[in-house]
Every structure is written in structure tokens, then in C-alpha cells.
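Residues per chain, in single letters:
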Amino acid sequence: MSTESFLEMLGEPPAAPGSAPATEEEKFVVDEERRRREQVADLWTECHHDSTLYRAFPMSFGSMVIASALIKNGFLKSTKPHGTFPKVAAAGILGYILGKVSYIGTCYDKFKDLEKAVGREAGHSSNLHVSED
């Protein structure tokens, strides 16, 4: 997903041709809001990439190897028509999902750090809100 399409999902209004903010202060506010939205979009992309590369793929591969070893050693039985494929594939899918879910806390912390950094930079609390539940 591109940053532009993500910004559209966030509700970023498209700039009308020839329209510009009336004052320098309005321009600054618009630029700050756009920069914050781009930071959120970039962080979202980074979290998606990192969760896939560093958690989901390794856990998927590991669970597939473990399932194969369990079948080979007789702890799991292979099916006659399909062999080991269904159980190994199910283990891979489950490992991928668990890997993605296990990265949620890390992404949550990254978004909290971004909120704190934006708040310090602006000198007040930011518009980004992360629940403290």
C-alpha cells in the first residue's frame, strides 16, 4: 500500500489546484498535519514489513519444520490422499498468524513513542491518540 493511498484512507483531502492556505499560520498547521499523517503512514508500513519479516515468516517456517518432524517421528499421522501437506500447511498458516499477532505489542510501543516525540516537538500533546488500556 502506498503512502498516498494510506493518506487517502485517513481522510487527507486532496489539494485543489491553485488553492493555498490564506496565511502562513494556516500553511504551517496544514504542513504539520500532513507531516504527522505521513509519519503515521510510514510507521504503519514499517510495522507491517517488520512483523512479516522478523516474526511471521520465521514462526511459519519453524512451525512447518516442527510439524514435519512430528509426522516423521510418528507423533502425527499423514493423510492417505494428501500426505503431509495439509498438516504442514496448517502449521505454517498458524505460525504466520501467531507471528503477526505477536508483533502487535512492538508496534503499539512504536506508535506510543511517535506520539511522545510529536508531543515534545510541538510543545503540547499531539493529535495522535493511543489508548492507555
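Whatever comes next refers back to the structure up there.
To start, this report covers the structure provided alongside it. (Residues numbered from 1 in each chain as written. Predicted model: local features only at pLDDT ≥ 70, side-chain atom pairs only at ≥ 80, totals over all residues. Heavy atoms only, no water.)

Tallied over the entire structure, the rule returns four salt bridges. Where Arg35 meets Glu32, a salt bridge forms, and the shortest distance between an N and an O atom there is 2.9 Å. Residue Arg35 and its partner Glu32 are both found in helix α2 (residues 24-72); the two are separated by three residues, about one turn of the helix. By relative accessible area, which is 24% here, Arg35 ends up partly exposed. The closest approach of N and O atoms between Glu46 and Lys110, which form a salt bridge, is 3.1 Å. (Salt bridge = Lys/Arg side-chain N within 4 Å of Asp/Glu carboxyl O. Helix = DSSP H or I, 4+ residues; strand = E, 2+ residues; numbered from the N terminus. Buried < 20%, exposed > 50% of the residue type's maximum accessible area, 1.4 Å probe, protein only.)

Across all of its chains, the model carries two aromatic pairs by this definition. Ring centres of Phe57 and Tyr96 lie 6.0 Å apart, and the angle between their planes is 40°; on these two criteria the pair is classed as tilted. Here the residue Phe57 occupies a position in helix α2, and Tyr96 occupies one in helix α3 (residues 85-102), the gap between them amounting to 39 residues. On the basis of relative accessibility, which here comes to 48%, the residue Phe57 falls in the partly exposed class. (Phe/Tyr/Trp six-rings, centres within 6.5 Å; stacked < 30°, edge-to-face > 60°.)

Let's shift gears to the nonpolar core. One finds Val40, Leu43, Cys47, Tyr103, Cys107, Phe111, Leu114 and Val118 forming the largest nonpolar core, which totals eight residues. Counting only elements with at least two residues in this core, the list comes to α2 and α4 (104-122). Looking at this core element by element, the count peaks at four residues for α4. (Core = buried A, V, L, I, M, F, W, Y, C linked by side-chain atoms within 4.5 Å.)

Turning our attention to α3. The terminal C-alpha atoms of α3 lie 25 Å apart, and with 18 residues this matches the ideal 26 Å at 1.5 Å per residue to within 8%. Burial in α3 covers these residues: Val88, Ala91, Gly92, Gly95 and Gly99. Along the long axis of α3, the arc covered by the buried residues comes to 100°, so they all point the same way. α3 presents Ile93 and Leu94 as exposed residues on the side facing more than 90 degrees away from its buried surface. (Expected span 1.5 Å × (residues − 1). Arc of directions from axis to C-beta.)

Under the defined criterion, the tally for this structure stands at one disulfide. There is a disulfide in this structure between Cys47 and Cys107, and the S-S distance comes to 2.4 Å. Between Cys47 and Cys107 the sulfur-sulfur dihedral comes to about -140°; the bridge is accordingly left-handed. In this pair, Cys47 is assigned in helix α2 and Cys107 in helix α4, connecting sequence segments 60 residues apart. Here Cys47 and Cys107 have matching classes, each one buried. (Disulfide = S-S within 2.5 Å.)

Let us now look at the environment of Met64. Note on placement: Met64 falls in helix α2. Separated by 29 residues in sequence, Met64 and Ile93 place their C-alpha atoms 8.9 Å apart. Dropping the residues within four chain positions of it, Met64 is found in contact with Val88, Ala91 and Gly92. (Contact = heavy atoms within 4.5 Å.)

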